[in-house]
Amino acid sequence: MKTRFSGALRHAAVAVASVALASQGFALDNVKFMIGANPGGGFDQTGRNLGKAMVEAGVAKSVQYENKGGAGGTIGLAQFANASKGDPNALIVTGAVMVGAIVQNKPPVTLANATPVARLFYEYNVFVVPANSPLKSMKDVVEMLKKDPGSVKWGGGSRGSVDHISVAMIAKDAGVDPSKINYVPFQGGGEASAAILGGHVTVGTSGYSEMQQFIKSGKMRALAVTSGSKLPGEPVPTLKEQGVNVEIGNWRGVYGAPGITEAQRKALADAVVAASKQKSWTDALASNDWFPAVLTGEEFAKFVDGEHKRIEESMKAVGMVK
Amino acid sequence: MIETWNLLLGGFATAIQPANLMWAFIGCVLGTAIGVLPGIGPALTVAMLLPITAKVDPSGALIMLCGVYYGAAYGGSTTSILMNTPGESSSIMTALEGNTMAKHGRAGPALATAAIGSFIAGTIGVLLLTLFAPLVADFALKFGPAEFFSLMVLAFVTVSSVLGASMVRGLASLSLGLAIGLVGMDAIAGIPRYTGNVPEFIDGIEFVLVAVGLFAVGEALYNVLFEPKTDPGTRNKLSSIWMTRDDWKRSWPAWLRGTAIGFPFGSVPAGGAEIPTFLSYSTERKLSKHPKDFSSEGGKGAIEGVAGPEAANNANAAGALVPLLTLGIPTSATAAILIGAFQNYNIQPGPLLFQTSGPLVWGLIASLYIGNLMLLVLNLPLVGMWARLLTIPKPQLYAGILVFASIGVYGMRQSSFDLFLMYVIGVIGVIMRRFDFPVAPVIVGMILGPMSEKQLRNALSISQGDWLIFFKQPIACTFMVLTILVMFVPMILRKRGVRLSEDD
């Protein structure tokens with residue numbers, strides 16, 4: 001009898017030990033990242049690179065990541081706001097994509113339910129087609145769009161994301177009703193890349209960093225980037241160079257948990273700034289074509305408010321929200 | 001082919017170094033342990049172990065993380081069989097027959113067929129990965145939203161085989177699952193549905209929570225409330241530990257069929273491990289020469305119903321490495337975090353991986369062969385020990401299950417709301433058992449519902465609203481035709497007086 005019981009006890013011990021391991025995130029200095037997208041995409045890369053840099057800078061003992069994809073990161077945001085109230089070690093990756101999703105879908109939990117910490121960088125999108133596509137330039141795409149708006153299947157991130165807005169802006173610039181575009185939203189960059197490679201969509205768009213390995217290996221052809229001028233060291237022409245008057249960037253940053261004190265907020269911002277000076281972070285910026293733009297404190301909060309308005313206006317202009 | 005062989009041998013040279021063997025062993029042990037525990041899945045564990053990438057060399061760390069990934073696929077079956085508590089969503093099907101077998105004293109054979117089936121499926125899966133990875137990856141990319149949706153229609157139809165004796169009750173359970181799956185924000189537009197202004201519901205209800213509530217808590221409470229009062233010292237019977245000749249004969253084909261179903265579906269993006277286990281279970285249910293053994297028929301548990309899904313689960317885990325290594329596209333949360341591990345070493349999994357980091361990848365693949373063997377050696381001797389766990393007197397056993405379920409569900413996100421919810425669902429589970437409603441379809445509905453909604457909406461968006469897309473694309477059409485065959489062939493055969501081996 002006793003020996004039989006020891007089996008059960010061992011079982012229980014494993015259970016307790018593993019739970020203890022799992023709840024380390026609540027000890028000080030173990031930073032818990034919420035990433036509101038499935039792994040493999042730009043949100044994910046931002047969080048993981050920043051976490052790594054925080055450990056290297058000695059401002060975090062360890063980091064944990066949780067991925068919760070869907071609806072422009074607002075599903076992850078809802079969980080973040082619920083689960084980490086007052087936790088001084090919790091961070092969520094955010095950006096223009098999330099603001100767009102909030103403006104468009106008006107979810108019950110918004111960024112107002114979290115604490116602004118810092119903006120990190122800007123990045124630009126690239127439009128790609130599978131290598132065997134007959135479309136050779138953005139002009140070809142625009143012509144196809146003018147002929148039959150529904151025939152161009154655009155694949156990208158969630159509804160209301162920078163990806164979606166940029167497509168609507170291209171349509172408007174081409175004189176096509178933006179409400180007629182055929183936009184297919186995917187959860188996270190991984191799923192979108194698979195759909196583009198498999199030819200399930202006509203044109204795909206995503207952050208340059210997510211697509212560059214497919215472009216370099218020749219599996220996809222890059223048609224245009226959304227920046228004002230060519231990206232350093234990349235031959236891909238901009239939209240403007242191809243007669244499409246659209247320029248749109250995507251910023252990313254981090255927010256803290258709701259209900260943290262001003263001092264805790266400053267500590268988080270300081271930690272992020274320290275991490276942004278690490279070599280691994282600057283390497284990540286360079287290899288992903290991210291353009292550093294660190295902004296913290298009230299200025300960042302104001303910036304996000306401004307973004308809400310700007311994105312809402314551009315969505316109204318293209319008919320995505322009323 | 002010779003070249004592949006040489007590269008693989010080179011990989012074995014890397015993997016067999018003592019340090020790497022040790023990492024593989026640690027990974028396998030850890031993976032098995034976390035697979036056993038509900039709520040703590042491989043994704044979380046791999047994520048927690050990521051920081052070691054700062055200290056260990058790439059081969060060692062990646063070998064260990066893959067060990068965790070593989071080990072978890074093994075370990076998940078243990079609690080499903082012994083306690084009716086699926087540790088992962090992919091081992092829900094295993095609980096159906098496995099636990100019934102355990103209750104009839106055959107926990108040993110159930111555990112053994114799961115372990116050996118996992119080994120065989122895992123090894124075949126890695127072999128296919130070694131030889132055909134690029135080909136499989138190209139095929140997998142043909143799966144878009146239309147193909148997925150057709151696959152899910154097939155899954156929905158074949159799922160009738162888990163509905164139990166009464167179709168009406170089964171469908172009622174399935175609908176309950178579909179309804180629970182709707183709670184939370186929809187994945188396309190982020191519009192909250194059926195949340196009743198409860199903030200915890202906004203991000204949806206975790207299906208491990210529902211599975212643990214319905215299966216483990218429901219059953220423990222039901223036994224306390226309604227089982228005839230017997231001597232408190234009653235124990236579960238334990239009639240045999242090892243598989244009999246007949247067990248082997250029935251397991252073999254199921255292992256192979258499970259592998260054939262699991263591997264390809266593991267390699268398609270956004271596939272997940274659940275659907276192949278559902279399909280494998282349905283296949284075994286339909287093909288079995290012993291339909292009376294299945295638990296939904298009130299039988300003593302059919303061993304092929306454990307062997308098939310477990311093999312499918314492990315072959316799926318191997319399949320998921322195909323798009324991961326060849327395209328850099330993760331098909332599961334764990335695979336995605338493995339990508340993070342590669343990135344921590346500035347290695348980008350993707351089309352260029354085999355060229356830029358060949359020795360590392362081949363070492364990793366070789367270590368998968370070794371890991372599989374290790375897991376078998378590790379798990380088989382434990383079968384006897386695990387099976388004896390059931391000889392604990394029932395009151396203590398059920399109390400233990402409740403404690404275990406509570407720890408696991410609380411551990412998911414340290415939320416007391418979740419714990420409360422699990423017990424509410426547990427009470428629903430008691431009521432369902434009392435009135436003879438099967439619980440498995442609830443989980444199936446919950447998993448398939450939101451996935452198929454998302455794929456349907458994207459597929460129709462791609463086709464510009466043309467519903468015929470599901471018949472115009474060859475792969476989608478194949479699934480639709482299969483669905484129709486599954487639905488009508490038995491009916492036509494019966495009309496013509498041909499009797500199938502099972503009376504459905």
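This one's a predicted model, so the numbers in the text were calculated from it and none came from an experiment. (Residues numbered from 1 in each chain as written. Chains lettered and ligands numbered in written order. Predicted model: local features only at pLDDT ≥ 70, side-chain atom pairs only at ≥ 80, totals over all residues. Heavy atoms only, no water.)

Overview of the packing of aromatic side chains
All names here are of chain B. Inspection of the entire model under this criterion finds 20 aromatic pairs over all chains. Each ring, one from Trp252 and one from Trp255, has its centre 5.4 Å from the other, and the planes form 65°; the classification is edge-to-face. Highlighted residues: Trp252 and Trp255, both in helix H10 (residues 245-267), separated by 3 residues, approximately one helical turn. We classify Trp252 as partly exposed; its relative accessible area is 41%. Look at Tyr281 and Phe294: their rings are 6.0 Å apart centre to centre, the planes differ by 85°, and that puts the pair in the edge-to-face class. One end of the pair, Tyr281, is in helix H11 (residues 274-287); the other, Phe294, is in the loop between H11 and helix H12 (304-319), with 13 residues separating them in the sequence. Both residues of the pair, Tyr281 and Phe294, belong to the buried class. Members of the aromatic cluster, joined through ring pairs, are Phe139, Phe143, Phe148, Phe265 and Phe479. Just above the ring of Phe437 sits the side chain of Arg169; from NZ or CZ to the centre is 5.3 Å. The ring of Phe294 has Arg285 lying over it, and the distance from NZ or CZ to the ring centre is 5.2 Å. (Phe/Tyr/Trp six-rings, centres within 6.5 Å; stacked < 30°, edge-to-face > 60°. Helix = DSSP H or I, 4+ residues; strand = E, 2+ residues; numbered from the N terminus. Buried < 20%, exposed > 50% of the residue type's maximum accessible area, 1.4 Å probe, protein only. Lys NZ or Arg CZ within 6 Å of the ring centre and 35° of its normal.)

Focus on the environment of Asn182(A)
Residues and elements named next belong to chain A. If you trace the backbone, Asn182 turns up in strand S6 (residues 182-185). Among the residues examined, Asn182 registers a relative accessible area of 7% and is labelled buried. Distance in space between the C-alpha atoms of Asn182 and Glu247 is 21 Å, their sequence separation being 65 residues.

Brief notes about the pairing of strand S5 (residues 153-156) of chain A
Residue and element names in this part refer to chain A. The sheet contact formed by S5 and S6 spans 4 bridges and is parallel. Bridge pairing in S6 places Gly156 opposite Pro185. For the segment spanning S5, helix H6 (residues 162-173) and S6, crossover handedness is right-handed. As paired strands, S5 and strand S7 (residues 203-207) are joined by 2 bridges and run parallel to one another. Residue pairing across strands places Trp154 opposite Val203, the latter belonging to S7. (Pairing = 2+ DSSP bridges. Right-handed = clockwise from strand over helix to strand, strands pointing away.)

Focus on the domain arrangement of chain A
How large an interface is tends to be reported as the accessible area lost when its parts come together. Residues and elements named next belong to chain A. Partitioning chain A into structural domains gives domain 1 (28-122 + 250-317) and domain 2 (124-242). Centre-to-centre, using C-alpha coordinates, domain 1 lies 25 Å away from domain 2. Contacts between the two partners involve 25 residues from domain 1, matched on the other side by 20 residues from domain 2. For the pair domain 1 and domain 2, the summed buried area comes to about 1,700 Å², and 53% of that belongs to carbon and sulfur atoms. Taken together, domain 1 and domain 2 are joined by 0 salt bridges. Where domain 1 meets domain 2, there are 0 residue pairs in polar contact (both at pLDDT 80 or more). (Domains from an automatic or database assignment. Contact = heavy atoms within 4.5 Å. Buried area = accessible area lost by both parts, 1.4 Å probe. Salt bridge = Lys/Arg side-chain N within 4 Å of Asp/Glu carboxyl O. Polar contact = N/O pair within 3.5 Å; in protein donor to acceptor, adjacent residues only side chain to side chain.)

Overview of the side chain of Glu304(B)
Residue and element names in this part refer to chain B. Tracing the backbone shows Glu304 in helix H12. Separated by 2.8 Å, the side chains of Glu304 and Ser288 make a polar contact. Excluding residues that lie within four positions of it along the chain, Glu304 makes contacts with Arg250, Ala254, Glu284, Ser288, His290, Phe294 and Pro309.

Quick notes on the side chain of Ser452(B)
As for its placement among the helices and strands, Ser452(B) is situated in helix H19 (residues 440-462). Of the residues examined, Ser452(B) reaches a relative accessible area of 7% and is grouped as buried.

Comments concerning unusual backbone geometry
Residues and elements named next belong to chain B. Backbone geometry places Asp436, a non-glycine residue, at a positive phi of 70°. If you trace the backbone, Asp436 turns up in the loop between helix H18 (416-434) and H19. Unusually for a residue other than glycine, Gln464 sits at a positive phi of about 55°. The class of Gln464 is partly exposed, set by a relative accessible area of 44%.

Quick look at the nonpolar core
One recurring pattern in soluble globular proteins: nonpolar side chains tend to sit buried together. In this structure, Val210(B), Leu214(B), Phe215(B), Ile365(B) and Phe470(B) are the most contacted members of the largest nonpolar core, which totals 172 residues. What Phe470(B) contacts, discounting residues up to four positions off in sequence, is Ala146(B), Phe149(B), Ser150(B), Leu456(B), Ala459(B), Leu460(B), Ala476(B), Cys477(B) and Met480(B). Counting 82 residues, the second-largest nonpolar core is a separate cluster that includes Ala174(A), Tyr255(A), Leu285(A) and Leu295(A). (Core = buried A, V, L, I, M, F, W, Y, C linked by side-chain atoms within 4.5 Å.)

A closer look at the packing of H11(B) against H19(B)
Residues and elements named next belong to chain B. Closest axis-to-axis distance for the H11/H19 pair is 11 Å, and the angle between their directions is 125°. Overall, the two elements H11 and H19 adopt an arrangement that is oblique. In this structure, H11 meets H19 at a crossing whose hand is left-handed. Mapping the contact onto sequence places Glu274, Ile275 and Phe278 in H11 and Val444, Ile447, Leu448 and Met451 in H19. Class assignment of the residues belonging to the contact of H11 with H19 gives a composition of 6 nonpolar, no polar and 1 charged. (Axes fitted to C-alpha atoms, helices over the stretch in contact; angles between N-to-C directions. Parallel < 35°, antiparallel > 145°, perpendicular 65-115°, else oblique. Left-handed = near helix turned anticlockwise from the far one by under 90°. Nonpolar A, V, L, I, M, F, W, Y, C, P; charged D, E, K, R; others polar.)

Re a nonpolar patch on the surface
A cluster of nonpolar residues, Leu468(B), Phe471(B), Ile484(B), Met487(B), Phe488(B), Met491(B) and Ile492(B), forms a patch on the protein surface that exposes about 650 Å² of accessible area. With respect to the element layout, Phe488(B) can be found in helix H21 (residues 474-495). (Patch = residues over 30% accessible without salt bridge, like charges linked within 9 Å, V, L, I, M, F, W, Y side chains within 5 Å. Areas by Shrake-Rupley, 256 points an atom, 1.4 Å probe, with all protein chains shown as cover.)

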